[in-house]
Amino acid sequence: MSKIDAADDQESDDGAESTGPSRTIHPFSKNGKNPSNAISNAKYNPITFLPIILYEQFKFFINLYFLLVALSQIVPALRIGYLSSYVLPLAFVLFVTMSKEALDDLARRRRDAESNKEAYEVLGKAEFVRSRDLKVGDLIVINKDQRVPADVILLKSSEATGESFIRTDQLDGETDWKLRIACPLTQSLPDNLLSNISITATPPAKTIHQFLGRLQLDSANLPLSIDNTMWANTVLASGHAIGCIIYTGSETRQAMNTSKARGKTGLLELEINSLSKILCICVFLLSLLLVGLSGFHGQWYVSIFRFLVLFSSIIPVSLRVNLDLGKSVYAYLIEHDKAIPETIVRTSTIPEDLGRIEYLLTDKTGTLTQNDMELKKIHVGTVSYAGEAMDEVSAYVSGEGQNTRSRRDIGVRVRDLVFALAVCHNVTPVYENGESSYQAASPDEIAIVKWTETVGLTLAKRDRQSILLTYAGSKAGQRLEILQIFPFSSETKRMGIVVRDVEKDEITFFEKGADSIMGRIVQKNDWLEEETGNMAREGLRTLVIGRKKLTTEAYNVFLEKYTAASLTLKDRDGEMQRVVAEYLEKDLDLLGLTGVEDKLQENVKPSLELLRNAGIKIWMLTGDKVETARCVAVSAKLVPRGQYIHTIAGLNRSELAFDQLDYLRSKGDCCLLIDGESLALFLSNYEKEFIEVAVTLPAVIACRCSPTQKAEVAKLIKNFTKKRVCCIGDGGNDVSMIQAADVGVGIVGKEGKQASLAADFSILQFCYLTKLLVWHGRNSYKQSAKLAQFIIHRGLIISVAQAVYSMQSGFEPIALYQGLLLVGYATIYTMMPVFSLVLDRDVDEDVAELYPELYKELTEGRSLSYLTFFVWVLISVYQGAMIQGLASLFVGLDYESFMNMVAVGFTAILLNELLMVAMEIITWNRIMIACELVTFTAYVASIPFLTDYYDLSYFLTGSFWWQTAAATGASLVPIWLVKVIKRRVRPPTYAKVRQR
């Protein structure tokens, strides 16, 4: 078995999700059948559009119910009135939905077309080739700032060293530049000879951080790794490059990692769905009751079906489309709020849930803090330096101020530490337009390298083979050859580098990392543990730096073992790490300790205080040390000063864990600080008992947490409490937590956009969250609740009028309102005023933020509950019965008077709805006023065209006007009086604060 074939097996074993056999690619040749490189994010095509849309709509009970009602009108025995009365409302809803989906899909197709038409230079072809027409094996030229159109192997770079930088933020969300290296066999090869190569690659896989392959040229073979790749949708950040396409279309890493976002259903929709089922039961029972009162004579079952059709408006077909349009309005208002610029709504189905949050889980670094690092303190064993004392460090680096032996000793230690910090990193200096900057994956590393520059030791140049350092005031530089780099990972929690001083021919191994790991690697000492604790209490992130000088013989022995380990195919990374541990990571000289400060985000303190006062329980989940987490929690006012913080750390015995639970039950007012090890013990042994106690505490801080633990905690709180959980973070390690939440919020941070892209809502700063919840969440939930109940009321009142008329006419299923009256009632006659309720506001924005306690009421769900639902049902029954009863009393029930009774009853119902909307509005605006006036005008203007339903001459009599006014007044005045009295006796909370 070849190495690449064995690698296929390894990738499959490692869960890389490889598919199919490995492939060999020859430039300018047909390389088998591969997917088209055309990008297609369209949801539909001309054939599937209609079937998919219809399925998506009729899987909902309400729409399916109305479809069955409309189809029943084809049967003559079940037909009631005009077919249009039942078909047009459903058709209107479907038309709105289909139009929205079609426009969204056309927008996706336009974006796809722009990418697919992008032209690329292909070696061997006279004309540029569109992105969609590129094939596996094509040799393409990619220029600076150009998108990489497919997965390619980098063959040549414009840089003599073969180095190229790419931006991967659209692939993995990380904003730092990534270094890629052209294959040494092809870097110096003329373009016309590139056709002689062949590339063997592992099958397509999801993993974006792994790749195994080889490149063959004549008899030479060279292994290929992730460093030689440029994945589709990354961007070339420097120079130009030539690459060979190995995967296209659906087989690219970008496509294989693109998955449809899971649909989220808001709590309000679930509540409305329950109410819809109650309405359905009411329709059936009402139909059964009326047929029962008539005595079940003849074909009574046909009468039941006819009544079901007559009362179908009780279940409002327009409810879903109105709520969906309301969500679009809320999303627009959020995205165009100038106080929270660049906020993006990525999931528009859950804005109401922003007003129902009871638990907030937040990351620390980059979320509560700025992820803007600054080295604040160093410690070299006997002395520490911070603030103005850093001037002494600069003096030591320059060789000044060392006139005594003790100061010379300290100067040596300081210089050794500064030198190690300037060397041990993955930072690359970048020069553009005469300005220099640093690129690295970690803000910590950039902060440290910037600090070494301020004290006199500058990273002037770095490439794959060497590092050039320069001292302040000196033109000469110190060149170091890079022999090995051991990158930082969340598993190892350390980073190392082996370098050779070119001038002195000395080999040195430097390593830095977390104190919990480095404490076992460096030589024994009596100060490290104490000083790391001191720095952590100051809120500083600590790094321990060690050094080991190597002889040439020792390094060669290590290199031999390390190379052998790198060629193994089973547990390669583990074998390589074991060699490093055995030959390098023993008895390192402890050079010193650094403390890096991560400043708090702007307005974090007032934001956290406001959210706490709003009744939201806040959990901070971080990977930092216990003391650092404690310090940040107190300084950010996540925990009020003076409040007791109960700490659980290093717990590894289940019997002790149970004792801790008993203590927490007895101290319910304390905050909990727990580390990842102890948390894992609780979750594996006492999951239910732990979460039962933890959710009652005012605040919980979990430190040393893994991404998996963060997501697990979010799911536990959701499942145990059944409350809405919001998770917020800014890094790739927060994605699992964000996706596990009911509402995920991502911050666009220095670590990239990965969290932002995976979230339901994307914001720039943590403080924006308060407005998102307290203001936009409030409005979205309260107005959607009001809108839903009013639409239900609108359907109920006309159905009650129908029921009263059916009883008046001897329990016959005869339609009272039909045709254009029924269609117009749910659309042009009432839709605009009712929908304008989404723009209502019960309090001003400054009041909502001044009294965050108002938010607590939202989480109790009082705006839409079984109580409020049945109140609206009673109002609808009263008003419908009163209007129809008075209309029939005033005009009569005989055949000649039917059209006049319809005119009085329908006009009164319409006026009742317009005035009920006016009674419900708390804060008027121009749009609401316009909706009321335009709707009333539209009804008056349409009367001359309703001769099939009205006797127009009756509108000119005084009887019509006083009868309509009396019916409308009788239905409205008692309801209005009850509202006024209730407001005086038990005013709502929002009314109290508005009066202050």
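Before reading on, note that the structure itself is shown above.
The structure contained in this document is the topic of the report that follows. All figures in this text were calculated on a predicted structure; none of them were measured in a lab. (Residues numbered from 1 in each chain as written. Predicted model: local features only at pLDDT ≥ 70, side-chain atom pairs only at ≥ 80, totals over all residues. Heavy atoms only, no water.)

Focus on the overall build of the protein chain
When helices and strands are tallied, the protein chain shows 35 helices and 33 strands. When the backbone C-alpha atoms are referred to their principal axes, the protein chain occupies close to 115 × 75 × 55 Å. Looking at the 996 residues of the protein chain, the share that counts as buried comes to 53%. Sequence separation of 24 or more characterises 73% of the internal contacts of the protein chain that already satisfy a separation of 6 or more. (Helix = DSSP H or I, 4+ residues; strand = E, 2+ residues; numbered from the N terminus. Buried < 20%, exposed > 50% of the residue type's maximum accessible area, 1.4 Å probe, protein only. Contact = heavy atoms within 4.5 Å.)

Some points on the pattern of salt bridges
One pass over the structure, following the stated rule, counts 34 salt bridges. Among the salt bridges present, the one from glutamate 118 reaches arginine 147, with a minimum N-O distance of 3.4 Å. In this pair, glutamate 118 is assigned in the loop between helix H4 (84-116) and strand E2 (119-122) and arginine 147 in the loop between strand E4 (139-142) and strand E5 (151-157), connecting sequence segments 29 residues apart. For glutamate 271, the salt bridge goes to arginine 356, with nearest N and O atoms at 3.0 Å. Taken together, the residues span a long stretch of sequence, with glutamate 271 in helix H8 (residues 267-294) and arginine 356 in the loop between strand E14 (344-345) and strand E15 (357-362) at a distance of 85 residues. Given a relative accessible area of 4%, arginine 356 falls into the buried group. Counted as one network, the salt bridges with shared partners bring together Glu269, Lys327 and Glu352. (Salt bridge = Lys/Arg side-chain N within 4 Å of Asp/Glu carboxyl O.)

A closer look at the sheet that holds E14
Here nine strands make up an open sheet; going across it, the order is E14-E33-E32-E31-E15-E27-E30-E29-E28 and the pairing mixed. Two strands bound the open sheet, and with one partner strand each, they are E14 and strand E28 (645-648). For E14 and strand E33 (residues 761-763), the ladder comprises two bridges, and the chain directions are antiparallel. In the sheet register, isoleucine 344 faces E33, and the bridge partner there is serine 762. (Pairing = 2+ DSSP bridges.)

Describing empty space enclosed by the protein
Counting across every chain of the model gives two cavities of 30 Å³ or more. Quantified by volume, the largest cavity comes out at close to 320 Å³. Residue assignment for the lining of the largest cavity shows that the elements contributing at least two residues are H4, helix H26 (768-808) and helix H27 (820-826). At six residues, H26 tops the list of elements feeding residues into the lining of the largest cavity. For the second largest cavity, the calculated volume is near 40 Å³. Taken together, Pro89, Phe92, Val93, Val317, Ser318, Ala826 and Thr827 make up the lining of the second largest cavity. Partitioned by chemical class, the residues of the lining of the second largest cavity number five nonpolar, two polar and no charged. (1 Å grid on protein atoms, 1.4 Å probe; cavity = no way out; pocket = protein on both sides within 12 Å on 5 of 7 lines; lining within 4 Å. Points joined across faces, edges and corners; volume = space filled by probe spheres on them. Nonpolar A, V, L, I, M, F, W, Y, C, P; charged D, E, K, R; others polar.)

Considerations on the layout of surface pockets
Of the voids in this model, the second largest pocket is the one considered here, and its volume is about 1,600 Å³. Lining the second largest pocket are 36 residues, with Glu920, Lys979, Lys982, Pro988 and Tyr990 positioned closest to its centre. Secondary-structure elements contributing two or more residues to the lining of the second largest pocket are H26, helix H30 (854-859), helix H31 (866-891), helix H32 (898-920), helix H34 (958-985) and helix H35 (989-994). Here the lining of the second largest pocket is composed, by residue class, of 17 nonpolar, six polar and 13 charged.

Here's the deal with helix H3 (residues 61-72)
With 12 residues, H3 ought to run about 16 Å at 1.5 Å a step, and its terminal C-alpha atoms sit 16 Å apart, in line with that. Restricting attention to buried positions, one finds in H3 the residues Ile62, Asn63, Tyr65, Phe66, Val69, Ala70 and Ser72. (Expected span 1.5 Å × (residues − 1).)

A word on the sheet that holds strand E23 (residues 494-501)
By definition, the strands of a sheet pair up through backbone hydrogen bonds, in either a parallel or an antiparallel sense. An order of E17-E16-E26-E25-E24-E23-E22-E21-E20 is seen for the nine strands of this open sheet, with the pairing classed as antiparallel. The open sheet is flanked by strand E17 (384-386) and strand E20 (457-462), the only strands paired with a single partner. Taking each pair of neighbouring strands and ignoring which way they run, the sheet shows an average axis angle of 30 degrees. Pairing of strand E16 (residues 369-379) with strand E26 (residues 589-600) involves seven bridges; the strand directions are antiparallel. (Axes fitted to C-alpha atoms, helices over the stretch in contact; angles between N-to-C directions.)

Regarding a nonpolar patch on the surface
Among the surface-exposed residues, Ile281, Phe284, Leu285, Leu288, Phe296, Trp300 and Tyr301 lie close enough to one another that they form a single nonpolar patch of about 670 Å² accessible area. Only H8 and helix H9 (300-310) provide two or more residues apiece to the nonpolar patch. Along the chain, the position of tyrosine 301 falls in helix H9. (Patch = residues over 30% accessible without salt bridge, like charges linked within 9 Å, V, L, I, M, F, W, Y side chains within 5 Å. Areas by Shrake-Rupley, 256 points an atom, 1.4 Å probe, with all protein chains shown as cover.)

What about the side chain of lysine 710?
Position of lysine 710 among the secondary structure elements: in helix H23 (residues 707-721). Among the polar contacts listed, one links the side chain of lysine 710 to the side chain of aspartate 363, at a separation of 3.2 Å. Only 2.9 Å separates the side chain of lysine 710 from the side chain of aspartate 734, close enough to count as a polar contact. Discounting residues that sit within four places of it in the chain, lysine 710 has contacts with Asp363, Leu621, Thr622, Cys705, Asn733, Asp734 and Met737. (Polar contact = N/O pair within 3.5 Å; in protein donor to acceptor, adjacent residues only side chain to side chain.)

What to know about unusual backbone geometry
The phi dihedral of asparagine 233 falls on the positive side, at around 80 degrees, and the residue is not glycine. Take asparagine 233: it is sitting in the loop between strand E11 (229-230) and strand E12 (235-236). Even without glycine at this site, asparagine 603 takes up a positive phi of about 60 degrees. Relative to the helices and strands, asparagine 603 resides in the loop between E26 and helix H18 (604-613).

Comments concerning the packing of H8 against H9
Between H8 and H9, the least distance of the axes is 9 Å, while the angle of their chain directions is 135 degrees. Of the possible angle classes, the one that applies to H8 and H9 is oblique. Two packed elements cross with a definite hand, and for H8 against H9 that hand is right-handed. Of the residues in H9, those in contact with Val283, Phe284, Ser287, Leu288, Leu290 and Val291 of H8 are Trp300, Ser303, Ile304, Phe307 and Leu308. Grouping the amino acids of the contact of H8 with H9 by side-chain chemistry returns nine nonpolar, two polar and no charged. (Parallel < 35°, antiparallel > 145°, perpendicular 65-115°, else oblique. Left-handed = near helix turned anticlockwise from the far one by under 90°.)

Description of the packing of helix H20 (residues 654-666) against helix H21 (residues 676-685)
Orientation of H20 relative to H21, taken along the N-to-C sense of each, is 90 degrees, at an axis distance of 10 Å. For the element pair H20 / H21, the angle class is roughly perpendicular. Residues Ser654, Ala657, Gln660 and Leu661 of H20 lie in contact with H21, whose contacting residues are Leu681, Phe682 and Asn685. Across the contact of H20 with H21, the residue classes tally to four nonpolar, three polar and no charged.

Focus on the side chain of threonine 508
Counting through the fold element by element, threonine 508 comes out in strand E24 (residues 506-513). Classification of threonine 508 by relative accessible area gives buried; the value is 11%. Residue contacts for threonine 508: discarding those within four places in its chain leaves Ile497, Val498, Val499, Arg547, Lys548 and Lys549.

Shape is all these values report; function is a separate question.
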